[in-house]
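Structural overview for review
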Amino acid sequence: MRDVVGLYLNPPDKAVVLCVDEKSQIQALERTQPMLPWGSATSRVLPTTTSIMARPPCSPPSNVLDGEIIAQCKPRHRHQEFLAFLRHIEANVPDQLDIHLVVDNYATHKHPKVRAWLARRPRWHIHFTPTYASWLNQVERFFALITQRAIRRGSFDPTTDLITKLDRFIRTHNANSRPFVWTATADSILQKLARLCRRISGTEH
């Protein structure tokens, strides 16, 4: 946790810090009565899903100051898709910059072929969030936005409609984007956790 938070608050020189994760199993849902919420008898699940892989730049300060999101929709959620996204990042980050990547502990991110690809590229540095602490990954903040504003109340038929609307949301976001700003120190997070533990169990462990 200190490692990841340290990257946000004090990123290394001549490097870019990127947060990457997948929002998987986004269902293409169609409403028969669009104004009613999901879960009623007036909606149906189409037999298709998609996944978004995205990364926002971190700040302050940030090597990429405009807060642009790079995202791709993929039909599956495997190491092959993750590697393709890493290659996309590799092609778009200047050669003189190191790349620090914040990801969670999902098996896809630790696949042997992913590890082998990274081992051949010494400028890449991987930072895993602690188990059950994916909230430390700043890309989760963007996923919350896209869920609230583009997915939760939408109606999509078929999956291509869902992907089109997700792409449109990302383009609109990037046209007016700002970097996500992390302000909490590692010590302040640990202090809050300690207070919570004492409240619920009478112990700090």
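All of the points below concern the structure found in this document. In every chain, residue numbers begin from 1 and rise along the written sequence. Since the coordinates come from a predicted model, pLDDT governs what is reported: local features require at least 70, and pairs of side-chain atoms require 80 or more to be given and counted, while whole-chain, interface and lining totals use all residues. Think of the side-chain values as coming from all heavy atoms in the structure, minus any hydrogens and water.

This next bit is on the pattern of salt bridges. Salt-bridge detection follows one rule: a side-chain nitrogen of Lys or Arg within 4 Å of a carboxyl oxygen of Asp or Glu. Taken as a whole, this structure holds 3 salt bridges when the rule is applied. Between arginine 78 and glutamate 81 there is a salt bridge; the shortest N-O distance is 2.8 Å. Residue exposure (1.4 Å probe, protein chains only): buried if accessible area is under 20% of the type maximum, exposed if over 50%, otherwise partly exposed. Under the relative-accessibility criterion, glutamate 81 is labelled buried at 9%. Across the salt bridge formed by arginine 123 and glutamate 90, the nearest N and O atoms sit 3.2 Å from each other. Here arginine 123, found in the loop between α3 (112–119) and β7 (124–128), pairs with glutamate 90, found in helix α2 (residues 79–92); they are 33 residues apart in sequence, far enough to count as distant. Helix and strand assignments follow DSSP, with helices taken as H or I runs no shorter than four residues and strands as E runs no shorter than two, numbered in order from the N terminus.

With that settled, the discussion passes to a nonpolar patch on the surface. To count toward a patch, a residue needs a relative accessible area above 30% and no salt bridge. Like charges then connect within 9 Å, nonpolar side chains (Val, Leu, Ile, Met, Phe, Trp, Tyr) within 5 Å. Residue-level accessible areas treat just the shown protein chains as cover; the underlying method is Shrake-Rupley with a 1.4 Å probe. A cluster of nonpolar side chains, Leu190, Leu193, Leu196 and Ile200, forms an exposed patch at the surface whose accessible area comes to about 360 Å². Along the polypeptide, leucine 193 turns up in helix α6 (residues 186–201). Residue classification places leucine 193 among the partly exposed positions, given a relative accessible area of 41%.

We now examine the environment of aspartate 187. Following the sequence through the fold, aspartate 187 ends up in helix α6. For the pair aspartate 187 and arginine 2, spaced 185 residues apart in sequence, the C-alpha to C-alpha distance is 8.4 Å.

With that settled, consider the nonpolar core. Throughout, nonpolar core names a set of buried Ala, Val, Leu, Ile, Met, Phe, Trp, Tyr and Cys residues whose side chains join them through atoms within 4.5 Å. In this structure, Val5, Tyr8, Val102, Leu136, Phe142, Ile146 and Trp182 are the most contacted members of the largest nonpolar core, which totals 25 residues. The set of elements that each furnish at least two residues to this core consists of α1 (2–9), β1 (15–19), α4 (139–151), α5 (159–175) and α6. Listed in part, the 18 residues of the second largest apolar core include Val16, Val20, Val93 and Leu101.

By the element assignment, histidine 109 lies in the loop between β6 (98–103) and α3. Residue histidine 109 is classed as buried on the basis of its relative accessible area, which comes to 3%. Whether two residues touch is decided by their heavy atoms; if any such pair falls within 4.5 Å, the residues are in contact. Among all residues touching histidine 109, those that are not within four sequence positions of it are Asp21, Glu22, Phe82, Val103, Asp104, Val114 and Phe128.

The subject of this paragraph is the sheet that holds β6. In this description, strands pair whenever DSSP reports at least two bridges between them. Spatial strand order, β1-β6-β7: 3 strands in an open sheet with parallel pairing. The open sheet terminates on both sides in strands that have one partner only, identified here as β1 and β7. Put simply, the sheet's adjacent strands are angled 20° from each other on average, direction ignored. Relative to β7, β6 runs parallel, the two sharing 5 bridges. Each bridged residue has a counterpart across the sheet, and for valine 103 the counterpart in β7 is phenylalanine 128. Only C-alpha atoms enter the line fits that serve as axes; for helices the fit covers just the stretch in contact. Angles between N-to-C directions range over 0 to 180 degrees.

On to the pairing of β6. Put simply, side chains in a regular strand alternate between the two faces of the sheet. Across the 6 residues that make up β6, a large majority, 5, are buried. Direction of pairing for β1 relative to β6: parallel, over a ladder of 5 bridges. Looking at β6, one finds that valine 17 is bridged to histidine 100. Whether a crossover is right-handed depends on one test, that the path from the first strand over the helix to the second runs clockwise when the strands point away from the viewer. As for the winding sense of the linkage, the β-α-β connection from β6 through α3 to β7 is right-handed.

On to the packing of α2 against α3, then. Between α2 and α3, the shortest axis-to-axis distance is 9 Å and the interhelical angle comes to 20°. Classified by the interaxial angle, the pair formed by α2 and α3 is roughly parallel. For the crossing formed where α2 meets α3, the hand is right-handed. On the side of α2, the interface is formed by His79, Phe82, Leu83, Leu86, Arg87 and Glu90, while α3 contributes Lys113, Val114, Trp117 and Leu118. These descriptions rest on fixed angle ranges, namely under 35 degrees for roughly parallel, over 145 for roughly antiparallel, 65 to 115 for roughly perpendicular, and the rest for oblique. The crossing is said to be left-handed when, going from far helix to near helix, the turn is anticlockwise and less than a right angle, and right-handed when the turn is clockwise.

This part covers unusual backbone geometry. The backbone phi angle of lysine 14 is positive, close to 50°, even though this residue is not glycine. Its location among the elements puts lysine 14 in the loop between α1 and β1. You will see that tyrosine 132, though not glycine, has its phi angle at about 65°, which is positive. With respect to the helices and strands, tyrosine 132 occurs in the loop between β7 and α4. Note on tyrosine 132: relative accessible area 81%, which makes it exposed.

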